[in-house]
Every structure is written in structure tokens, then in C-alpha cells.
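Report on the structure
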Amino acid sequence: MQHTTHSQVVHQNQSERNFHVFYSLLHSGELDGLHLEADPSKYRYTAQSGVWGVDGIDDAADHKRLLEAFDAMSFSKEQRSDIFKVLATILILGNVDFANRGGAQVVTHDALGHCAELLGIDADKVAEILTQQKRVLRGEEILTPLDVDQAGDSRDSLAMALYARTFRWIISKLNLSLKGQETFHFVGVLDIFGFENFTSNSFEQFNINYANEKLQQYFNRHIFSLEQLEYNKEGIDWSDIDWVDNSECLDLIERKLGVLSLIDEESRFPKGTDASLLSKLHSAHAGEDSPHYLRPRVQNSLFGIRHFAGDVMYDITGFLEKNRDTFREDILEVLRESESDFVYDLFEYEGGGGGAGNRRPGTARKKPTVSFQFKESLHHLMTMLGTASPFFVRCLKPNTKKVSGEFDHGVVLNQLRYSGMLETVRIRRAGYPVRRVFQDFLFRYRVLAQGVDTSLPEPEQCKAVLAKYDEAGKDWQLGQTKVFLRETLEVVLEKDRHVNLKATVQKIQAVILGYIQRKRYLAMLANAKRVQAFGGAKNHGIV
């Protein structure tokens with residue numbers, strides 16, 4: 001699965017930390033040879049949000065646990081060292097600054113030199129790929145100077161690429177370590193926060209919500225399939241069960257001339273702009289044929305999509321720039337010259353068959369856009385999920401303040417809605433959400449089975465109990481091994497069970513209290529007789 005949040009490496013929202021591994025590395029006490037200081041505030045990529053410490057997180061302890069995990073997964077000391085060098089490179093790379101001197105020029109030479117050393121690349125070549133862009137036109141190399149902003153984009157692009165490729169390498173290493181010798185079975189973990197709808201939503205939220213839309217479709221179909229399988233196995237009529245299919249929303253995104261197609265198309269036009277993209281989106285979809293597309297009444301930079309979890313308005317600003325893969329071919333070529341085997345391996349197969357060595361001079365490979373790569377990765381993920389046996393774990397945040405003991409109902413409700421849990425509940429409630437095997441049903445509701453012939457088969461006994469409350473069988477059905485109930489009937493059964501249990505308990509209490517009082521009375525009577533006997537004997541002079 002494409003890592004959707006590697007842009008967080010170079011930019012974090014206010015009060016948001018970068019990835020934890022950077023802070024744990026800085027607090028590891030093992031910075032020899034990495035040119036790092038144990039202070040996150042010294043680095044742009046860890047300091048820009050103003051937050052580098054979090055209550056309840058011990059970064060030094062996290063680093064020790066990371067080392068233990070590396071050992072458990074058979075990472076060698078050299079591989080661990082190489083990973084930390086790349087992470088250190090990313091941190092230092094963020095501190096490389098530029099000035100405009102007839103084009104961007106590096107002004108922080110120490111930071112540049114440390115990056116070059118850690119990457120195993122000549123410092124002049126690193127400076128060149130950050131401040132100039134090399135193109136090949138008709139077999140001739142052309143160097144184009146970049147301005148300060150473009151150089152900053154190149155720096156950030158390199159940092160994100162290093163993180164993304166290292167992340168991918170670690171995943172491959174983990175899969176290799178976990179793979180058995182005689183089986184191809186595996187356990188995969190898909191960690192995704194869920195649907196996102198912020199005050200301002202951009203290209204990242206669009207991709208994340210697209211992924212969630214696909215996963216929600218899979219989740220709904222999986223849950224519905226489980227329901228269908230259960231009902232078929234038990235012989236239950238389930239034809240009246242309905243569920244919301246989000247295929248129309250996905251079709252709007254994925255179809256020919258859909259949202260993704262238009263974003264890609266406009267990204268490939270040299271003169272394409274966000275405004276021209278928005279105009280094409282409105283023209284293609286702002287009609288009755290696209291009920292899931294939302295066009296604002298007021299002219300602005302927004303367009304919207306009616307997702308399964310709700311309507312989301314996206315700001316088109318920056319869509320094309322983010323969709324164009326800014327990791328340039330000339331940067332890739334320099335990274336492949338690295339003296340570090342690890343860095344070389346990270347980028348060796350980047351670009352596939354369209355690599356520089358496979359192209360004719362003067363031709364350029366048509367680079368896939370970010371959204372295209374994301375879509376392909378997502379389809380691969382869905383194919384893999386289709387062959388797996390999934391288990392779902394829904395994690396809910398009780399509040400947005402990251403504090404304990406505080407439950408925000410609105411925040412939790414939004415998460416339930418965005419994660420699709422409400423739709424799951426609706427699917428279950430549309431059928432018979434309460435299921436009990438015959439023996440369990442009879443045991444739980446035995447206080448309601450008075451007058452039922454216990455010599456009858458268990459299904460007949462269950463039927464006799466249920467017929468007392470719903471003779472027409474509207475809210476219950478009997479399967480092969482289970483009783484299927486609607487929630488409304490279960491509420492009635494539980495209430496009547498409580499009343500009957502209370503009455504039974506009161507009878508038991510009365511018997512026990514009567515026994516205790518009778519026992520106490522008999523003891524008192526026996527004592528009274530002994531006292532009377534003692535008094536009579538004394539009166540007769542016996543004592």
C-alpha cells in the first residue's frame with residue numbers, strides 16, 4: 001500500500017509532531033557519526049510545529065524497543081546503522097537553506113556536507129541536484145537553474161523520497177523475515193486512521209478518503225457476505241435486508257473522465273493549472289448525472305464529493321503540484337551513484353523498465369503521477385484483501401485533546417460515522433442481529449418457559465416460548481442451530497425475563513427468610529422451655 005502520509009516528513013500541522021522515530025533517534029544517546037544533536041528544536045523537520053515532546057511518550061524508551069524489534073526481525077547491526085544514517089540525513093537535509101544569487105545557491109554548507117557524507121555522494125553533486133534541474137533534449141543535457149522556492153521543493157522531495165523508500169525497504173525486510181520456508185501464509189496489518197474532513201481539505205485528504213471509500217465498500221460487502229453466509233447456512237430468509245452501496249461515489253472518482261482521470265490529465269499539461277482543473281471538474285460532473293459531485297454556489301476554489309461518511313469540500317489549490325511527482329530523474333541518477341550499498345539498493349529499481357539505461361537518448365519516460373501510483377497501489381491492496389480472511393479493529397479517540405478521563409460525544413460519533421460503524425450496525429439491525437443457539441436460548445429464558453413441554457426437541461421448545469410473544473413470527477426465525485431475533489423482540493424478552501427473575505428471587509428470599517425466622521423461633525422456643533423447666537425445678541426444691 002502506498003504510504004499516504006510521507007509529506008508529514010517535511011510539513012506538520014500546528015501542535016503535531018513528525019514521525020516518532022525521528023524523536024526517538026535524537027534521544028537515543030547513540031548519535032556518534034550521525035552529525036546530530038539531541039535536540040529536536042534544532043531541526044526544521046521536527047521543530048516547525050512547535051511541539052517535540054508529548055506527555056506519556058518516552059522517546060528514549062521507544063528507541064530501545066525499536067532496537068529490540070530490529071533484533072527480533074533479524075536486522076543486522078549494519079542494516080540498523082544504515083537506516084539511522086538515512087533518518088539523520090533527512091533531519092539534516094531540512095536544515096539546508098538557499099539564497100538567491102542568480103539562481104538558488106546553498107548557504108548552509110556544513111549541513112550539505114553532512115548530508116553528502118551520510119549518503120555517500122559527492123557534496124557538489126548534492127548541491128547541483130538541489131539547485132539545478134538537468135534535462136535531456138535531443139541527446140543534449142541542459143541545466144536549468146532553480147529559484148529558492150524550487151530548490152526548497154527539491155530538498156523536500158529528496159527528504160520524502162528517502163523516507164518513503166526506507167519505509168518500503170523495511171516492510172520488504174519484515175515480510176522476508178516473517179516468511180516461512182514451507183508456507184506462503186502471512187499476517188498483514190493495514191493501519192489507517194479513517195475518513196478525514198477538516199476545515200481545509202486538500203490532495204492528501206482526497207487520497208485518504210478515496211482509500212477509505214474503497215475499504216468501506218470492501219468492509220460493507222464483507223459484513224453483508226458474512227450475514228448472507230450465516231443466513232444461508234441456517235436457512236433464514238434474508239431477502240429483505242438492504243445495505244448502502246457506495247459504488248456510485250467510487251465510479252465518480254475512478255471512471256473514465258472521472259475525478260482521478262481529470263486530475264491526471266491536467267497534471268500532464270505543461271500549462272495546466274488548479275483553476276483549469278476545477279473548471280473541467282465542474283463541467284464534467286456538476287449535473288444530475290453525478291449526484292455525488294458537489295459544486296459550490298459561490299465561485300471559489302472548492303469542489304465537493306458526497307462520501308459514504310458525509311459531504312467533503314476539497315480546496316483545489318495545490319492539487320496539480322502535489323500530483324506531479326516532483327522527485328526528478330536527475331536526482332535519482334545521482335542517488336544511484338552513492339558509495340553506500342544501502343542507499344543504492346533503495347533506488348536501484350526505481351522507475352522499473354523505464355529507467356535511464358532503457359531509454360533512447362533524447363526521450364523521456366512518461367512518469368506516473370502520485371494519484372496514478374496511489375490508485376494502482378490501492379487496487380493491489382484490494383486484490384490482496386480479497387484473498388485474505390480479515391479481522392477489523394476499530395480504534396476510537398475519546399477526545400482531540402489527548403487527555404485521559406474526557407469523553408467527547410461529538411468526536412466519538414463522528415469517528416463511528418467516518419469509520420463506517422454506523423452502517424455496519426444498520427446492516428446488522430436490518431436483519432436479525434441477536435442470535436443464540438437453542439440450548440443457550442432455553443437456558444437464558446427458562447423462566448419464561450413455564451408450561452412448555454421439556455420433552456419436546458429444543459427447536460420446538462424455543463418456538464413455543466417465542467410464540468407467547470410473537471405468534472406471527474414477525475420478529476424471529478428458527479435456523480438449523482440458532483434462534484434469530486430482532487432487537488425489538490429481544491428487549492421484550494429481556495424485560496419479561498427480568499420481571500420473572502425478580503419474582504422468582506423474591507420467592508427464594510421469602511423461603512430463605514422464612515427458614516431463618518423459623519429456625520430462630522425454634523431456638524427461642526427451646527431456650528424458653530429450658531428456662532421454664534429450670535424455674536419449675538427450683539420451685540419444687542429440686543435445685
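Above this text is the structure in question.
Here is a short report on the structure shown in this document. (Residues numbered from 1 in each chain as written. Predicted model: local features only at pLDDT ≥ 70, side-chain atom pairs only at ≥ 80, totals over all residues. Heavy atoms only, no water.)

**Some points on the sheet that holds strand E7 (residues 310–315)**
For clarity, the threshold we go by: Here, a strand pair is defined by DSSP locating no fewer than two bridges between the strands. Only runs of H or I of at least four residues qualify as helices and only runs of E of at least two qualify as strands under DSSP, and these elements are numbered from the N terminus. Whether two residues are in contact is decided by their heavy atoms, any of which lying within 4.5 Å being enough. As a rule, the C-alpha atoms of each element are fitted with a line to give its axis, helices using only the stretch in contact, and angles between N-to-C directions run from 0 to 180 degrees.
Reading across from one edge, E5-E6-E7 is the order of the three strands in this open sheet, with antiparallel pairing throughout. Looking at which strands have only one partner, the edges of the open sheet turn out to be strand E5 (293–294) and E7. Summarising the sheet, E5 and strand E6 (residues 302–307) pair through two bridges and their orientation is antiparallel. In the strand pairing of E6, Leu 294 is matched with Gly 304. Across the sheet, helix H8 (residues 203–234) lies against E6 and E7, angled at about 150° from E7, the strand it touches most.

**What to know about the sheet that holds strand E8 (residues 434–437)**
Ordered by their spatial adjacency, three strands build an open sheet running E8-E10-E9, and the pairing between neighbours is antiparallel. In this open sheet, the two strands that pair with only one neighbour each are E8 and strand E9 (476–478). Neighbour to neighbour, the strand axes of the sheet diverge by 15° on average, direction disregarded. Both E9 and strand E10 (residues 482–485) contribute to a ladder of three bridges, which runs antiparallel. Residue pairing for E10: Trp 476 is matched across the bridge by Leu 485.

**Observations concerning the pattern of salt bridges**
For clarity, the threshold we go by: The term salt bridge refers to a pairing of a side-chain nitrogen on Lys or Arg with a carboxyl oxygen on Asp or Glu at a separation within 4 Å. Partly exposed residues are those whose accessible area sits between 20% and 50% of the maximum for their type, while under 20% is buried and over 50% is exposed, using a 1.4 Å probe and protein chains only.
Counted under the stated rule, the structure contains 22 salt bridges. A salt bridge links Asp 330 to Arg 328; the nearest nitrogen and oxygen atoms lie 3.0 Å apart. Residue class for Asp 330 comes out buried when judged on its relative accessible area of 6%. Residue Arg 444 pairs with Glu 494 through a salt bridge whose shortest N-O separation is 2.8 Å. Placement of the pair is Arg 444 in helix H18 (residues 438–444) and Glu 494 in helix H20 (residues 487–539), with a sequence separation of 50 residues. You can call Arg 444 partly exposed: its relative accessible area is 26%. Accessibility expressed as a relative area gives 21% for Glu 494, which makes it partly exposed. A single salt-bridge network, built from bridges that share partners, covers Lys 134, Glu 141 and Glu 333.

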